[in-house]
Amino acid sequence: GRYLASDTDRVTKLIVILDKSGNLVKVQVLKESGVTDLDDAATEAFQSASPFPNPPAGIIDPDGTVKIRWDFVLEG
């Protein structure tokens, strides 16, 4: 129910790390949007959606993890 008065796009950049089974290992903010609530919502979205079952074998790194770069954009 909040309104963010801004004419600037806000971008939260994340790295999401899963294990080879699709369980969430870590969500890390790489670049903050400048609005803490937006950054928190971006990380919470992945935490709430986990697990991500059956990641394709082709995206599993040799260390057994899946690393996904994800940007959340709030257009101004």
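Just so it is clear, the structure is predicted and the values come from calculations on it, not from any experiment.

1. Re the environment of P55
With respect to the helices and strands, P55 occurs in the loop between α1 (36-49) and β3 (65-74). Along the sequence, P55 and K26 sit 29 residues apart, while their C-alpha atoms lie 16 Å from each other. Those residues within four positions of P55 in sequence are excluded, and the remaining contacts are D19, K20, S21, G22, I60 and V66.

2. So, the pattern of salt bridges
Tallied over the entire structure, the rule returns four salt bridges. Here K13 and D71 are joined by a salt bridge, their closest N and O atoms 3.9 Å apart. Of this pair, K13 sits in strand β1 (residues 10-19) while D71 sits in strand β3; the two residues are 58 residues apart in sequence, bridging distant segments of the chain. By relative accessible area, K13 is classed as partly exposed at 28%. Residue classification places D71 among the partly exposed positions, given a relative accessible area of 34%. R69 serves as the salt-bridge partner of D71, at 2.6 Å between the closest nitrogen and oxygen. For R69, a relative accessible area of 45% puts it in the partly exposed group. Sharing partners across several salt bridges, the network here consists of K13, R69 and D71.

3. Let's talk about the sheet that holds β3
Here we have three strands laid out as an open sheet, ordered β2-β1-β3, and antiparallel in their pairing. Here the strands that pair on one side only, and so sit at the sheet edges, are β2 (24-31) and β3. On average, adjacent strands in this sheet sit at an angle of 20° to one another, irrespective of strand direction. Sheet analysis places β1 next to β2, joined by six bridges and oriented antiparallel.

4. Points about α1
Between the first and last C-alpha of α1 there are 20 Å, a value that for 14 residues agrees with the 20 Å anticipated at 1.5 Å per step. Burial in α1 covers these residues: D39, A42, T43 and F46. Angular distribution of buried residues about the axis of α1 spans 85°; they occupy a single face of the element. Structural note: α1 exposes T36 and S48 on the side pointing more than 90 degrees away from its buried face.

Criteria and cut-off values
Residues numbered from 1 in each chain as written. Predicted model: local features only at pLDDT ≥ 70, side-chain atom pairs only at ≥ 80, totals over all residues. Heavy atoms only, no water. Helix = DSSP H or I, 4+ residues; strand = E, 2+ residues; numbered from the N terminus. Contact = heavy atoms within 4.5 Å. Salt bridge = Lys/Arg side-chain N within 4 Å of Asp/Glu carboxyl O. Buried < 20%, exposed > 50% of the residue type's maximum accessible area, 1.4 Å probe, protein only. Pairing = 2+ DSSP bridges. Axes fitted to C-alpha atoms, helices over the stretch in contact; angles between N-to-C directions. Expected span 1.5 Å × (residues − 1). Arc of directions from axis to C-beta.

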